[in-house]
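Listed here are the chains, written in short residue letters.
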Amino acid sequence: MIEFKPDIKGDIIIYRAYEGGEITGRVTLTYKKTHADLKFIEANDDETAEGLIRSALSAAANRDAYTCFYEPQEFISVAKLLGFTEKEGKLWGEIPFLLTGCCGCHH
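All figures in this text were calculated on a predicted structure; none of them were measured in a lab.

Conventions we followed
- Chains are numbered independently. Their residues run from 1 in the order of the written sequence.
- A pLDDT threshold of at least 70 governs which residues receive local features in this predicted model, and a stricter bar of 80 or more applies before side-chain atom pairs are shown or counted, although totals over entire chains, interfaces and linings include all residues.
- Hydrogens and waters are ignored; side-chain quantities use all the structure's heavy atoms.
- A pair of Phe, Tyr and Trp rings is counted when the ring centres sit within 6.5 Å of each other, with Trp represented by its six-membered ring. The angle between the planes then sorts it: under 30 degrees is stacked, over 60 is edge-to-face, the rest tilted.
- Any Lys NZ or Arg CZ found within 6 Å of a ring centre and within 35 degrees of that ring's normal is scored as a charge over the ring.
- Put simply, DSSP marks the helices as runs of H or I at least four residues long and the strands as runs of E at least two long, and each gets a number from the N terminus on.
- Each residue's exposure class comes from its accessible area (1.4 Å probe, protein chains only) as a fraction of the maximum for that residue type: buried when under 20%, exposed when over 50%, partly exposed otherwise.
- What makes two residues a contact is simply this: any of their non-hydrogen atoms within 4.5 Å.
- By convention, a crossover is right-handed whenever its connection, traced from the first strand over the helix to the second and viewed with the strands pointing away, goes clockwise.
- At least two bridges found by DSSP between two strands are what make those strands a pair.

1. Some points on the packing of aromatic side chains
Per the counting criterion, the structure on display carries 1 aromatic pair. For K5, the ring lying beneath its charged end belongs to Y18, and the centroid distance is 5.1 Å. In this structure, K87 is placed above the aromatic ring of W92, and the distance from its NZ or CZ to the ring centre is 4.2 Å.

The structure is reproduced here in structure tokens:
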């Protein structure tokens, strides 16, 4: 079972993923007022990356963040499946919609 553990200090949210006592991923997100920036992600697989992204977005939303830019070059396909879209040359989304996981596609 994968566990996601937070480390939140000020306006920086870090989540680490653990499986069997080993670190299997990490995400870093910063926020200010109603905006967040997902700065860094590393993970062993797409499922862990998705869980880390969702965890960080949820923590940011609980601190009044509403929008988020996705800056990493890793796991872009996962970010797009969650609903991030292109804006100003970056991936962007509204956190309540990103957390639903619906990108507007009709699979």
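2. Topic: the environment of I53
Examined against the element boundaries, I53 turns out to sit in helix α1 (residues 46–61). Exposure remark for I53: the relative accessible area of 0% places this residue in the buried category. Each residue touching I53, except ones within four places of it in the same chain, is listed here: L38, I41, Y70, V78, L82 and F84.

3. Focus: the side chain of T67
Structurally, T67 can be placed in strand β5 (residues 67–70). In this structure T67 comes out as buried when scored by relative accessible area, which is 16%. Ignoring anything within four residues of it in the chain, the contact list for T67 reads T34, H35, A36, W92, G93, E94 and I95.

4. Looking at the pairing of β5
Within a regular strand, side chains alternate between the sheet's two faces. Burial along β5 is two-sided: T67 and F69 and C68 and Y70, pointing in opposite directions, are all buried. In this view, the connection linking strand β4 (residues 35–43) to its parallel neighbour β5 by way of α1 has right-handed handedness. Sheet topology places β5 next to strand β7 (residues 90–94); 4 bridges connect them, and they run antiparallel. For Y70, the partnering residue across the bridge sits in β7 and is L91.

5. What to know about unusual backbone geometry
Notably, K33 is not glycine yet its phi reads approximately 55°, a positive angle. The residue K33 is located in the loop between β3 (22–32) and β4 in this model. Note on K33: relative accessible area 68%, which makes it exposed.

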